[in-house]
Every structure is written in structure tokens, then in C-alpha cells.
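Single-letter residue listing:
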Amino acid sequence: MRYSKQRQEVLNVVMASNDHPDAKMVYERVKEVIPKISLGTVYRNLNDLVNLNEIKRISIKDGNDRFD
């Protein structure tokens, strides 16, 4: 997979987090660095990073997935 500034920033945010953020939390934090990023881009990059085994998805029964 090719390098992407957006994917790298999503990874940076998840790796720097101590609170197992959900996608919207990651979006808000990435938006501070890349103001024009869309929520869809964050979701797509989170899924890519999970598929690449760079991060883990933590499924919550009655809530949003979290990432670590």
C-alpha cells in the first residue's frame, strides 16, 4: 500500500492515545493537523490500518468500535 499523509496521521493519533479512541475521536484529533480531512477518510484509513495489522479494532457490544 502506498504512503498516505492522512493514513500516517491517523496512525499517529491512535498510537499516541491512551484512551482507545473511537473513529469520531480519531477524526477530531486528526482534524487539528489536517483540517480538511473527512470522516469517511478517517474510517477508510482505520480499516486499512486494521487490515495491515498496524492497529487493533476493539469491538464494543453496545457502542462504537475502539482502536488501539
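Heads up: the structure comes first, above all this text.
Basis of the calculations
- Residues numbered from 1 in each chain as written.
- Predicted model: local features only at pLDDT ≥ 70, side-chain atom pairs only at ≥ 80, totals over all residues.
- Heavy atoms only, no water.
- Core = buried A, V, L, I, M, F, W, Y, C linked by side-chain atoms within 4.5 Å.
- Buried < 20%, exposed > 50% of the residue type's maximum accessible area, 1.4 Å probe, protein only.
- Contact = heavy atoms within 4.5 Å.
- Helix = DSSP H or I, 4+ residues; strand = E, 2+ residues; numbered from the N terminus.
- Arc of directions from axis to C-beta.
- Polar contact = N/O pair within 3.5 Å; in protein donor to acceptor, adjacent residues only side chain to side chain.
- Salt bridge = Lys/Arg side-chain N within 4 Å of Asp/Glu carboxyl O.
- Axes fitted to C-alpha atoms, helices over the stretch in contact; angles between N-to-C directions.
- Left-handed = near helix turned anticlockwise from the far one by under 90°.
- Nonpolar A, V, L, I, M, F, W, Y, C, P; charged D, E, K, R; others polar.

1. Re the nonpolar core
Among the nonpolar cores identified, the biggest contains 16 residues, and Val-10, Val-26, Val-30, Val-42, Leu-46, Ile-55 and Phe-67 are the most heavily contacted of them. Beyond its immediate stretch of four places on either side in the chain, Ile-55 contacts Leu-11, Val-14, Leu-46, Leu-49, Val-50, Phe-67 and Asp-68.

2. A look at helix H2 (residues 23–31)
Residues of H2 that are buried include every one of Ala-23, Val-26, Tyr-27 and Val-30, and no others. Taken around the axis of H2, the buried residues stretch over an arc of 105 degrees, which confines them to a single face. Looking at the buried residues of H2, the elements they touch are helix H1 (5–16), helix H3 (39–51) and strand E2 (66–67). The backbone nitrogen of Lys-24 has a side-chain oxygen 3.2 Å away, supplied by the residue at the start of H2, namely Asp-22.

3. Some words on the pattern of salt bridges
Considering all chains together, one arrives at three salt bridges under this definition. A salt bridge links Asp-19 to Arg-29, with the nearest nitrogen and oxygen atoms 2.6 Å apart. Separated by ten residues along the polypeptide, Asp-19 in the loop between H1 and H2 and Arg-29 in helix H2 bring together distant segments of the chain. For Asp-19, a relative accessible area of 34% corresponds to the partly exposed category. Relative accessible area serves as the criterion here: at 28%, Arg-29 is assigned to the partly exposed category. Residue Asp-65 is joined to Arg-57 by a salt bridge in which the shortest nitrogen-to-oxygen separation is 3.6 Å. Residue classification places Asp-65 among the partly exposed positions, given a relative accessible area of 27%.

4. Notes on the packing of H2 against H3
Closest axis-to-axis distance for the H2/H3 pair is 9 Å, and the angle between their directions is 115 degrees. Relative to H3, the crossing made by H2 is right-handed. Residue-level contacts link Ala-23, Lys-24, Val-26 and Tyr-27 of H2 to Leu-39, Val-42, Tyr-43 and Leu-46 of H3. Within the contact of H2 with H3, the residues separate by chemical class into seven nonpolar, no polar and one charged.

The values are spatial; any link to function lies outside them.
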